[in-house]
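# Summary of structural features
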Amino acid sequence: MKNEKLLDFGKQEAGYERLYPSHENFKKNIGAKICYVDFVEPHRGTYFVRYAQIHSVMRSRLFLDDGFKEVDIRDIIDCGIKTKEQ
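What comes next is a walk through the structure. All values derive from a computational prediction rather than experimental measurement. Every chain is numbered independently, its residues counted from 1 as its sequence is written. Only residues with pLDDT of at least 70 get local features here, since the model is predicted, and only at 80 or more are side-chain atom pairs given and counted; chain-wide, interface and lining totals rely on the full set of residues. To obtain the side-chain values, all non-hydrogen atoms of the structure were used and water was disregarded.

## Observations concerning the overall build of the chain
Put simply, the rule reads: Helix and strand assignments follow DSSP, with helices taken as H or I runs no shorter than four residues and strands as E runs no shorter than two, numbered in order from the N terminus. When we talk radius of gyration, it's over C-alpha atoms, and the globule rule is simply 2.2 Å times the number of residues to the 0.38. Exposure classes here rest on a 1.4 Å probe applied to the protein chains alone. A residue is buried below 20% of its type maximum, exposed above 50%, and partly exposed in between. For this analysis, residues touch if any pair of their heavy atoms sits within 4.5 Å. All accessibility values rest on the Shrake-Rupley procedure with a 1.4 Å probe; residue burial counts only the protein chains present in the view. In this tally Asp and Glu are treated as negative and Lys and Arg as positive; neither His nor the chain ends contributes. The atom standing in for a charge is NZ when the residue is Lys, CZ when it is Arg, CG when it is Asp and CD when it is Glu.
Scanning the chain for helices and strands turns up 1 helix and 6 strands. Going residue by residue from the N terminus, the α and β elements of the chain occur as β-α-β-β-β-β-β. By the compact-globule yardstick of 12 Å for 86 residues, the chain fits well, its C-alpha radius of gyration being 12 Å. Dimensions of the chain, computed from C-alpha atoms along their principal axes, come out at roughly 35 × 30 × 20 Å. Within the chain, the proportion of its 86 residues that are buried is 38%. Across the chain, the fraction of contacts at a sequence separation of at least 24, relative to all contacts at a separation of at least 6, is 55%. Roughly 6000 Å² of accessible area belongs to the chain as shown, and the carbon and sulfur atoms make up 49% of that amount. Here the chain holds 15 positive side-chain charges and 14 negative ones, and the gap between their average locations is 2 Å.

Structure below.
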């Protein structure tokens, strides 16, 4: 389930590129905007793509949007980071 490709970077999440969800990757990209999927409904297979800005990282917790939203890094199934525009 962890290696599923749920995000479509060609259409829906255009302007984002795939990012492996790890402590080091999030720590290097503090302040960047990300899109992620952290829950897939087990019976239907439905999920929501969420968008946020990385605020900080502590142990296995990712704090988003001014530190109000908290997500466990191990729960993130698929993730993308906004590409830098020229």
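## Describing the pairing of strand β5 (residues 69–72)
Successive side chains on a regular strand alternate, one facing one side of the sheet and the next facing the other. Keep this limit in mind: Between any two strands, at least two bridges found by DSSP are needed for them to pair.
In this sheet, β5 lies alongside strand β4 (residues 61–64) in antiparallel orientation, the contact comprising 4 bridges. Of the residues in β5, the one forming a bridge with leucine 64 is lysine 69. Hairpin connection of β4 to β5: 4 residues between the antiparallel strands, including aspartate 65 at a positive phi of 50°.

## Quick notes on the side chain of glutamate 13
Quick note on the threshold: For this document, the term salt bridge refers to a Lys or Arg side-chain nitrogen within 4 Å of an Asp or Glu carboxyl oxygen.
On the secondary structure map, glutamate 13 appears in the segment before β1 (16–18). No salt bridge is formed by the buried glutamate 13. Its closest oppositely charged neighbour is arginine 18, at 8.1 Å. What glutamate 13 contacts, discounting residues up to four positions off in sequence, is Leu7, Asp8, Cys35, Val49 and Tyr51.

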